[in-house]
Amino acid sequence: MKKQILIALFIISLNVLFLSETDAEMPGMDGNIHRAYAETEFGRVHYWEIGKGPVLILFHQSGQTSSEYLAMGPLLADDFRVIAIDLPNHGQSDTSDHELTMDEYADSVIDVMDNIGVDRAHMLGQHGGAYVAINLGIRYPDRVGKTILSGAGRDGEMTEEKIEELLNTPMTRDLPIDMDGEFLQKTWDVYRKMSAKNTPPEVTFQPFLSSLSLRQRRYDLHYAVYRYSPDLNQFNKETLLLEADEDIYAGDVMTLHQNIPGSIYKKVPNSGSWQFFEEPELNASIIRDFIN
């Protein structure tokens, strides 16, 4: 019975997902949010924005979309022009014709900034998205202001053996689609483990749904993150490191803190891997205080 209910919810939610903006609002979709596309070297990149002021660009984690920030974006709109990007191969952005490197993901962001007339921006990235911000800070330092890196630690050095192990470790997107829908239950179980213990199921359902919609894409950010080993000696940005207290994939954030001189470390309570879904008000307050 539990499985049948989960499948039914999935089908209903997919129908909602592909309705036009005038037909339905996504969870957390503020009516003042503007959505558009920017042309890049890697195809059209979808983004949404809200607010006025200094620009703050948000990068979702691997296998997710800009919907990760829909609840938080409007809370920052009085202080910032908030822009959330669907990186290529994610969300409503185009699929690339090859698996992109981290440099290429970062270059797509520069194309978006050039397209919409943004010279410089503060940047926030969650998990894999944090490494997009790091790459931009190293390769395009004049375009990047303050950075917020959330759940961006790594467990040990990224040796060739470690990278190969990660590349060969199946993800939920690799679960075969079966007639009984067991892949849905297995995926749901993983996403609940990634949530804080008190996170309501309807909150977990949002990233769960995003992950299912991305199963049909050929590429995502994961492998680019695994292969990317930045030289943090070249990263000279005023940086805030966030770590959700129940995030099982945050990694060794304290070592990252030690490797980025002058960085500030902040623990975020009552949150797991979906902290911007789970605690949008708290995260907005922390971000506002840091940037201002």
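The residue count restarts for each chain, going from 1 along the sequence in the order it is written. The model is predicted, so local features are restricted to residues of pLDDT at least 70 and side-chain atom pairs to those at 80 or more, both for listing and for counting; the totals for chains, interfaces and linings are taken over all residues. Side-chain numbers come from the whole structure's heavy atoms, not from hydrogens or water.

**Considering helix H6 (residues 201-213)**
Each α-helix turn comprises 3.6 residues. Residues three or four places apart therefore point the same way.
Next, step 1: Only DSSP runs of H or I covering at least 4 residues are called helices, and only runs of E covering at least 2 are called strands; the numbering of each starts at the N terminus. Here the expected span of a helix is defined as 1.5 Å times the quantity of residues minus one. Between the first and last C-alpha of H6 there are 18 Å, a value that for 13 residues agrees with the 18 Å anticipated at 1.5 Å per step.
Next, step 2: Exposed residues in this analysis have more than 50% of their type's maximum accessible area, buried residues have under 20%, and partly exposed residues fall in between, with area computed by a 1.4 Å probe over protein chains only. Within H6, 10 of the 13 residues are buried, leaving the element largely enclosed by the surrounding structure.
Next, step 3: Looking at H6, one finds that the buried residues are Val 203, Thr 204, Phe 205, Pro 207, Phe 208, Leu 209, Ser 210, Ser 211, Leu 212 and Ser 213.

**Let's talk about the sheet that holds strand S1 (residues 34-40)**
Next, step 1: The strand order across the open sheet built from 8 strands is S1-S2-S4-S3-S5-S6-S7-S8, with neighbouring strands paired in mixed fashion. Both edges of this open sheet fall to S1 and strand S8 (264-268), since each of them pairs with a single strand only. For this sheet, the mean inter-axis angle between neighbouring strands, taken without regard to orientation, is 25 degrees.
Next, step 2: Any two residues having at least one pair of non-hydrogen atoms within 4.5 Å are treated as being in contact. With axes taken as lines fitted to C-alpha atoms, and helix axes fitted only over the stretch in contact, angles between N-to-C directions fall between 0 and 180 degrees. Sheet strands touched by helix H2 (residues 102-116): S1, strand S2 (43-50), strand S3 (55-59), strand S4 (81-85) and strand S5 (121-126). Its angle to S1, the strand with the most contacts, is close to 115 degrees. When DSSP locates at least two bridges between a pair of strands, those strands are taken to pair.

**Points about the pairing of S8**
Next, step 1: As judged from the 5 bridges shared by strand S7 (residues 239-244) and S8, these two strands associate in the parallel manner. Looking at the pairing, Leu 240 lines up with Ile 264 of S8.
Next, step 2: Here a crossover is taken to be right-handed if, once the strands point away from the viewer, the path from the first strand over the helix to the second is traced clockwise. Handedness of the crossover joining S7 and S8 through helix H8 (residues 253-259) is recorded here as right-handed.

**Comments concerning the pattern of salt bridges**
Next, step 1: Salt bridges are counted wherever a side-chain nitrogen of Lys or Arg sits within 4 Å of a carboxyl oxygen of Asp or Glu. Across all of its chains, the model carries 11 salt bridges by this definition.
Next, step 2: In this structure, the salt-bridge partner of Asp 79 is Arg 288, at a minimum N-O distance of 2.9 Å. Of this pair, Asp 79 sits in the loop between S3 and S4 while Arg 288 sits in helix H10 (residues 280-291), and the two are 209 residues apart along the sequence.
Next, step 3: Using a relative accessible area of 27% as the deciding quantity, one classes Asp 79 as partly exposed.
Next, step 4: Taking relative accessible area as the criterion, Arg 288 reaches 22% and is therefore assigned partly exposed.
Next, step 5: The salt bridge involving Lys 146 is made with Glu 238; its shortest N-O contact spans 3.7 Å. In this pair, Lys 146 sits in strand S6 (residues 144-150) while Glu 238 sits in the loop between helix H7 (222-227) and S7, placing the two residues 92 residues apart along the sequence.
Next, step 6: The class for Lys 146 is buried, based on a relative accessible area of 16%.
Next, step 7: Linked by salt bridges that have partners in common, Asp 103, Asp 107 and Arg 139 make up one network.

**What about the packing of H2 against helix H3 (residues 128-139)?**
Next, step 1: Following both chains from N to C, one finds H2 and H3 inclined at 75 degrees, their axes separated by 9 Å at the closest point. Viewed along their axes, H2 and H3 adopt a mutual orientation that is roughly perpendicular. In this structure, H2 contributes Met 102, Asp 103, Ala 106, Asp 107, Val 109 and Ile 110 to the contact, and H3 contributes Tyr 131, Val 132, Asn 135, Leu 136 and Arg 139.
Next, step 2: Under the scheme applied here, ten amino acids are nonpolar (Ala, Val, Leu, Ile, Met, Phe, Trp, Tyr, Cys and Pro), four are charged (Asp, Glu, Lys and Arg), and all others, including Gly, are polar. Residues of the contact of H2 with H3, tallied by class, amount to 7 nonpolar, 1 polar and 3 charged. Note on angle classes: values under 35 degrees are labelled roughly parallel, values over 145 roughly antiparallel, values of 65 to 115 roughly perpendicular, and the remainder oblique.

Remember that the coordinates give geometry; whether it matters functionally is a separate question.
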